[in-house]
Number of protein chains: 2
Amino acid sequence: MSREPVERVVPHFREELEQLKQRLLVMGGLAEERVRTAMRALVDADADALEAVVGGDEPVNQLHIEIDNRCYRLLALHQPMATDLRAIVMAVKISTDLERVADLAVNIAEAGRRYIQHPPVKELIDIPRMAEISQSMLRDALDAYVQRDIQLAQAVLNEDDTLDALKTQVFRELLTYMLAKPATIEPSLNLILISRHLERIGDHATNIAEDVIYMVAARDVRHHGAEPR
Amino acid sequence: MSREPVERVVPHFREELEQLKQRLLVMGGLAEERVRTAMRALVDADADALEAVVGGDEPVNQLHIEIDNRCYRLLALHQPMATDLRAIVMAVKISTDLERVADLAVNIAEAGRRYIQHPPVKELIDIPRMAEISQSMLRDALDAYVQRDIQLAQAVLNEDDTLDALKTQVFRELLTYMLAKPATIEPSLNLILISRHLERIGDHATNIAEDVIYMVAARDVRHHGAEPR
């Protein structure tokens, strides 16, 4: 199960694995940027910027395909073992997560487009805060993957509770508005949907963080806390 | 890139791959059953049955871990190539999709629990219909994976449009109720959330179907329609 034979036969394995990780970071940066742009466009009620997010999926999709191909090439040519094997299979999963995050930015922009058709329900404070937290969770989860940093991964899992609490708060507050003033029902619904999309971005970061802990510590936090396997 | 050496060295590879697929089908059946149970409990306003869905995640989670372990063992011991490699990495992704579907059944049951605190908004027709479609999409996507059936995978992608149209219809109808009668706002919100959870189950089926087409036809429908790679 040693990985020495791989490195003897194919000296570039480490470099290619490093490149793969760098490309994942680039993809993560792009996905995060799309969420940030969608959120700014929502806060500024900027219809053109929202439109640009809806139509701007291509670079992330291209990276998704490129990263998948890199992963399968590494698996087929180098036949890695143990942690390297898990790291590469994880990269396939992470690129899928990041692609969905970019899709969620589109969903946010679509709901934003509907939201700005109406007078604003309220000043947006908690929702941009949710966006910041979900973006920072995503960034930390990717860093935890690249650096195999279990503590950072654990911090991502803890942040998810903050995001969840904000989601509940947003829901309750908007429900109050809707009950008090029927004209706010439709725009409030779009804000609730946006808060759910942001929650899901946090879920994707959580998925990555759980897999990092699994990969590094060879234990499965996904369903059993800290129980050893 | 022939797989002959693998089969010469390890004669049980085909059997183990077959077992892996069977376990995925079992997991898919369990996940689907949880969605069905949640939906029936919602329609019957059965608080105990909703509670059972919320607390009943364990068997699916166990299968998730078992299937992941099977995949990594197959990859490490047999070092498969080409389509087999893709099929096994896909199994890792599919088991994650199925685990999320089971989580969505929990989310449906949680929203259902809140829904039945209020008088019913309307007779539930479109939402159970959405549940049926999403379950059948999931079943077909798994069958397409096991049988490497591109046509069946394509049919799953087509069904997603039906699900999307129903989701929009549910949203519009409930919005009308909410605007007409504020007492329906809170329960209607829970129905809207449930319809979004069902849409996401369809998304998971779609993900699997897209990957099947990618695996079998070695082309990427995920971002480029039928364009060859």
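Each value, and the rule that gives it
- Residues numbered from 1 in each chain as written.
- Chains lettered and ligands numbered in written order.
- Predicted model: local features only at pLDDT ≥ 70, side-chain atom pairs only at ≥ 80, totals over all residues.
- Helix = DSSP H or I, 4+ residues; strand = E, 2+ residues; numbered from the N terminus.
- Contact = placed C-beta atoms within 7 Å.
- Expected span 1.5 Å × (residues − 1).
- Buried ≥ 20, exposed ≤ 12 C-beta atoms within 10 Å, placed from the backbone.
- Arc of directions from axis to C-beta.
- Least-squares fit on C-alpha atoms with pLDDT ≥ 70 in both.
- Nonpolar A, V, L, I, M, F, W, Y, C, P; charged D, E, K, R; others polar.
- Core = buried A, V, L, I, M, F, W, Y, C linked by C-beta atoms within 7 Å.
- Axes fitted to C-alpha atoms, helices over the stretch in contact; angles between N-to-C directions.
- Parallel < 35°, antiparallel > 145°, perpendicular 65-115°, else oblique.
- Left-handed = near helix turned anticlockwise from the far one by under 90°.
- pLDDT = per-residue confidence, 0-100.

Peer 1: Summarise the overall build of chain A; cite the residues concerned and give the values.
Peer 2: Helix and strand counts for chain A stand at 9 helices and 0 strands. Secondary structure elements of chain A occur, N-terminal to C-terminal, as α-α-α-α-α-α-α-α-α. By sequence separation, contacts in chain A at least 24 residues apart represent 79% of the contacts at least 6 residues apart.

Peer 1: Provide a residue-level description of helix 4 (residues 58-78) of chain A, including the pertinent values.
Peer 2: Residues and elements named next belong to chain A. Under the 1.5 Å per step criterion, the end-to-end length of helix 4 is 30 Å for 21 residues, consistent within 8% with the ideal 30 Å. Every buried residue of helix 4 is listed here: Val 60, Leu 63, His 64, Ile 67, Asp 68, Arg 70, Cys 71, Leu 74, Leu 75 and His 78. Here the buried residues of helix 4 occupy an arc of 160° about the axis, which is enough to place them on one side. In helix 4, the exposed positions that point more than 90 degrees away from the buried face belong to Glu 58 and Asn 69. Count one or two residues on from helix 4 and you reach Gln 79, which has phi positive near 40°.

Peer 1: Outline the relation of the copies chain A and chain B, supporting the account with residue identities and numerical values.
Peer 2: Rotating chain A by 180° and translating it 0.0 Å along the rotation axis places it on chain B, where the RMSD comes to 0.0 Å. Those values place the two copies in the arrangement expected of a two-fold rotation axis. Taken as a fraction of all interface residues of chain A, those also at the interface in chain B reach 100%, which identifies the copy contact as same-surface.

Peer 1: Can you lay out the interface of chain A and chain B for me, pointing to particular residues and giving the numbers?
Peer 2: Taken together, the contact between chain A and chain B spans 23 residues of the former and 23 residues of the latter. Of all the secondary structure elements, the ones that give two or more residues to the side of chain A that touches chain B are helix 4, helix 5 (82-115), helix 7 (150-180) and helix 8 (185-217) of chain A. In terms of residue class, the side of chain A that touches chain B is built from 13 nonpolar, 5 polar and 5 charged.

Peer 1: Mind laying out unusual backbone geometry, listing which residues take part and the relevant values?
Peer 2: A positive phi angle is found at A:Gln79, which is not glycine, with a value near 40°. Considering the arrangement of structural elements, one finds A:Gln79 in the loop between helix 4 and helix 5. At B:Ala45, a residue that is not glycine, the phi angle is positive and equals roughly 50°. By secondary structure assignment, the location of B:Ala45 is in the loop between helix 2 (13-43) and helix 3 (47-55). For B:Ala45, a count of 14 C-beta atoms within 10 Å gives the class partly exposed.

Peer 1: Please set out the environment of B:Val54 residue by residue, giving values where relevant.
Peer 2: All names here are of chain B. Position of Val 54 among the secondary structure elements: in helix 3. Sequence separation between Val 54 and Ala 109 is 55 residues, and the spatial gap between their C-alpha atoms is 6.1 Å. Every residue in contact with Val 54, bar those within four places of it in the chain, is listed here: Val 106, Ala 109 and Glu 110.

Peer 1: Which residues make up helix 5 of chain A, and what values go with them?
Peer 2: End to end, helix 5 of chain A covers 48 Å across 34 residues, agreeing with the expected 50 Å (1.5 Å per residue, within 8%). Counting buried positions over the 34 residues of helix 5 of chain A gives 24, a clear majority of the element.

Peer 1: Hey, could you go over the nonpolar core for me, with residue numbers and the actual values?
Peer 2: Among the nonpolar cores identified, the biggest contains 130 residues, and A:Ala91, A:Ala141, B:Ala91 and B:Ala141 are the most heavily contacted of them. Setting aside chain neighbours within four positions, we find B:Ala141 in contact with B:Ala153, B:Val156, B:Ala205, B:Ile208 and B:Ala209.

Peer 1: Explain the packing of helix 7 (residues 150-180) of chain B against helix 8 (residues 185-217) of chain B to me, using residue names and the numbers behind them.
Peer 2: The packing of two helices is summarised by the inter-axis angle and the distance between the axes. Residues and elements named next belong to chain B. It is at 9 Å that the axes of helix 7 and helix 8 come closest, and there the two elements cross at 165°. Accordingly, the angle class assigned to the pair helix 7 and helix 8 is roughly antiparallel. Crossing of helix 7 over helix 8 shows left-handed handedness.

Peer 1: Hey, could you go over the packing of helix 2 (residues 13-43) of chain A against helix 5 of chain A for me, with residue numbers and the actual values?
Peer 2: Residue and element names in this part refer to chain A. Axis separation between helix 2 and helix 5 bottoms out at 9 Å; the angle between their running directions is 15°. Taken together, the axes of helix 2 and helix 5 are roughly parallel relative to one another. In terms of crossing hand, the pair formed by helix 2 and helix 5 is left-handed. Contacts between helix 2 and helix 5 involve Leu 17, Leu 20, Leu 24, Met 27, Gly 28, Ala 31, Arg 34, Val 35, Ala 38, Ala 41 and Leu 42 on the former and, on the latter, Asp 84, Ala 91, Ile 94, Ser 95, Leu 98, Val 101, Ala 102, Ala 105, Ile 108, Ala 109, Gly 112 and Tyr 115.

Peer 1: Tell me about the environment of B:Pro59, residues and numbers included.
Peer 2: Looking at the secondary structure, you find B:Pro59 in helix 4 (residues 58-78). Considered as a pair, B:Pro59 and B:Met27 are 32 residues apart in the sequence and their alpha carbons are 8.6 Å apart.

Peer 1: If you had to explain the confidence of the model for chain A to someone new, which residues and values would you point to?
Peer 2: All names here are of chain A. Of all residues in chain A, 90% have pLDDT values of 70 or greater, and the mean over the chain is 91. Counting contacts from residues 225-229, a segment whose pLDDT is below 50, to residues more than four positions away or on other chains yields 7 contacts. Reported for the predicted complex are a pTM of 0.90 and an ipTM of 0.88.

Peer 1: Requested: an account of the environment of A:Ile94, with residues and values cited.
Peer 2: Residue and element names in this part refer to chain A. Take Ile 94: it is sitting in helix 5. C-alpha separation for the pair Ile 94 and Asp 160, spaced 66 residues apart in sequence, amounts to 18 Å. Excluding its chain neighbours within four sequence positions, the residues that come into contact with Ile 94 are Leu 24, Tyr 145 and Ile 208.

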